[in-house]
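# Tertiary structure, described
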Amino acid sequence: MLSAYINIFLIFALMFMGYFLTYKQWFTNQVGDVFSKLVLQIALPCNMFLNITKNFSREEFLQLFSGMIIPLISMLLTFAISYFYVKLFKISEGRRGAFATMFTCSNTIFIGLPINLAIFGEKSVPYVLLYYIVNTTLFWTLGIYLIAKDHPQIEQATVHFHPLQVLKKIFSPALLGFLIGIGWVLLSLPMPDEAATFFSYLGNLTTPLSMFVIGIIVYNVGIKNLKLNKDIVGVLVGRYILSPLIVWLLGQWIHVPELMLSVFIIQAAMPVQNSVPILARSYGGDQEYAASSLGYSVLLYLAYIPLLLKLIL
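Residues numbered from 1 in each chain as written. Predicted model: local features only at pLDDT ≥ 70, side-chain atom pairs only at ≥ 80, totals over all residues. Heavy atoms only, no water.

## Things to note about the overall build of the protein
Counting secondary structure elements, the protein contains 16 helices and 0 strands. Over its C-alpha trace the protein gives a radius of gyration of 19 Å, about what one expects of a compact globule, namely 20 Å for 313 residues. Considering the protein as a whole, with its 313 residues, one finds that 52% of them fall into the buried category. Within the protein, residue pairs in contact and separated by at least 24 positions form 86% of the contacts whose partners lie at least 6 positions apart. Surface summary for the protein: the accessible area is close to 14,800 Å², and the carbon and sulfur share equals 66%. (Helix = DSSP H or I, 4+ residues; strand = E, 2+ residues; numbered from the N terminus. Rg over C-alpha atoms; globule rule 2.2 N^0.38 Å. Buried < 20%, exposed > 50% of the residue type's maximum accessible area, 1.4 Å probe, protein only. Contact = heavy atoms within 4.5 Å. Areas by Shrake-Rupley, 256 points an atom, 1.4 Å probe, with all protein chains shown as cover.)

This is the structure in structure tokens:
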């Protein structure tokens with residue numbers, strides 16, 4: 001338990017370094033964009049490929065996908081609950097789609113992957129990816145549609161909602177690295193030592209660059225500008241209470257390995273997706289609300305994650 005806390009502290013030390021270096025003007029939004037591209041298009045695909053090929057045999061992997069049913073059912077249930085939450089607590093017009101998306105979808109890569117690596121090690125990566133597949137698919141389909149509906153003129157807001165763009169988001173380089181790794185494992189192909197070393201160098205960039213990006217985002221949101229209201233509290237209830245609780249309840253009904261369930265619970269209880277404020281701005285929604293929700297969810301996570309670990313470890 002203590003080692004897990006120390007590892008998490010080190011992860012967030014990287015985030016605060018990103019925050020501080022942004023304050024010192026070493027990092028800018030443009031640097032954050034470059035780091036994001038490096039993670040999503042180079043480091044993370046290498047990390048995914050290497051971890052799949054290194055940690056699983058063909059037989060072990062074929063048993064893996066049965067667990068995907070838990071994140072799928074849990075996220076669909078959470079979306080449904082968010083609909084009733086909007087009605088019951090009268091979430092403001094113009095932010096209901098963003099609310100439902102932030103209530104349901106979590107930050108599975110930039111924070112989720114480093115945190116799971118810190119707690120469980122590399123053996124958790126395939127389970128992280130299973131949750132990521134479901135989370136990403138629902139985010140870039142149902143989630144983006146609901147965010148677009150926040151615009152007062154839905155016809156104009158949904159002009160850019162194109163199936164090819166959605167598929168491009170779902171089949172990101174990270175997921176493609178994962179899928180190539182699957183094919184490699186299923187075909188039982190050998191991995192040259194030199195290639196494994198090269199992929200390892202690139203894959204090891206994932207954690208520090210991911211946390212630098214979060215630090216840059218939190219700085220640019222501005223801690224002084226965060227405004228807490230009932231709509232943001234609702235997002236935090238979805239992120240940190242309902243989402244992990246639903247996953248845990250499903251795990252009592254659907255039998256999966258203990259590590260898989262623990263990873264799913266951690267993934268379900270992650271802060272808000274980084275992309276929501278950008279999408280809210282693009283579709284004419286309430287960008288300030290989305291950014292404030294992201295900022296509060298990241299800051300609250302510092303106090304929340306030790307409590308969650310006490311419950312599941």
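## Looking at the packing of aromatic side chains
Within this structure, the stated rule accounts for 19 aromatic pairs. A ring pair is formed by Tyr83 and Phe84, whose centres lie 5.4 Å apart and whose planes are at 80°; its orientation type is edge-to-face. Measuring from centroid to centroid gives 6.0 Å for Tyr131 and Phe264, while their planes differ by 50°, and the two rings are tilted. One end of the pair, Tyr131, is in helix 7 (residues 125-148); the other, Phe264, is in helix 14 (residues 258-268), and 133 residues separate them in sequence. (Phe/Tyr/Trp six-rings, centres within 6.5 Å; stacked < 30°, edge-to-face > 60°.)

## Notes on the nonpolar core
Ile115, Phe178, Ile266 and Tyr301 are the most contacted members of the largest nonpolar core, which has 95 residues in total. Among the elements that make up this core, the one with the highest residue count is helix 7 (15 residues). Leaving out residues up to four positions away in the same chain, Ile115 has contacts with Ile8, Ile11, Phe12, Ile266, Met270 and Tyr301. (Core = buried A, V, L, I, M, F, W, Y, C linked by side-chain atoms within 4.5 Å.)

## Points about helix 15 (residues 275-282)
Residues spaced three or four apart along an α-helix face the same direction, because each turn holds 3.6 residues. Where helix 15 is concerned, the buried positions are Val276, Pro277, Leu279 and Ala280. Along the axis of helix 15, the buried residues cluster in a sector spanning 165°; they form a single face. When the buried face of helix 15 is taken as reference, the exposed residues oriented beyond 90 degrees from it are Ile278, Arg281 and Ser282. In this structure, the buried residues of helix 15 make contact with helix 5 (96-104), helix 7 and helix 16 (287-312). In the segment just after helix 15, Gly284 is the residue with positive phi, at about 75°. (Arc of directions from axis to C-beta.)

## What to know about the pattern of salt bridges
Summed over the entire model, instances satisfying the criterion amount to 4 salt bridges. A salt bridge links Asp286 to Arg95, with the shortest nitrogen-to-oxygen separation between them at 2.7 Å. You can see Asp286 sitting in the loop between helix 15 and helix 16 and its partner Arg95 sitting in the loop between helix 4 (69-88) and helix 5, a full 191 residues away along the chain. Two residues, Lys230 and Asp231, come together in a salt bridge whose shortest N-O distance is 3.0 Å. In this structure Asp231 comes out as buried when scored by relative accessible area, which is 2%. Sharing partners across several salt bridges, the network here consists of Arg95, Lys230, Asp231 and Asp286. (Salt bridge = Lys/Arg side-chain N within 4 Å of Asp/Glu carboxyl O.)

## Here's the deal with a nonpolar patch on the surface
Together, Leu2, Ile6, Phe9 and Leu10 line one region of the surface with nonpolar side chains, adding up to about 440 Å² of accessible area. Secondary-structure assignment places Ile6 in helix 1 (residues 2-23). Residue classification places Ile6 among the partly exposed residues on the basis of a relative accessible area of 42%. (Patch = residues over 30% accessible without salt bridge, like charges linked within 9 Å, V, L, I, M, F, W, Y side chains within 5 Å.)

## Focus on the packing of helix 1 against helix 16
Closest axis-to-axis distance for the helix 1/helix 16 pair is 11 Å, and the angle between their directions is 170°. The orientation of helix 1 relative to helix 16 falls into the category roughly antiparallel. Residues Ala4, Tyr5, Ile8, Phe12, Met15 and Phe16 of helix 1 form the contact with helix 16, whose participating residues are Val298, Tyr301, Leu302, Ile305, Pro306, Leu309 and Lys310. Partitioning the contact of helix 1 with helix 16 into residue classes produces 12 nonpolar, no polar and 1 charged. (Axes fitted to C-alpha atoms, helices over the stretch in contact; angles between N-to-C directions. Parallel < 35°, antiparallel > 145°, perpendicular 65-115°, else oblique. Nonpolar A, V, L, I, M, F, W, Y, C, P; charged D, E, K, R; others polar.)

## Details of the environment of Val185
Here Val185 is to be found in helix 10 (residues 173-186). A residue is classified by how much of its surface remains accessible, and Val185, at 5% relative accessible area, is buried. Separated by 131 residues in the primary sequence, Val185 and Lys54 have C-alpha atoms spaced 8.9 Å apart. Not counting residues within four places of it along the chain, the set of residues in contact with Val185 comprises Ile52, Thr53, Phe56, Ser57, Arg58 and Phe61.

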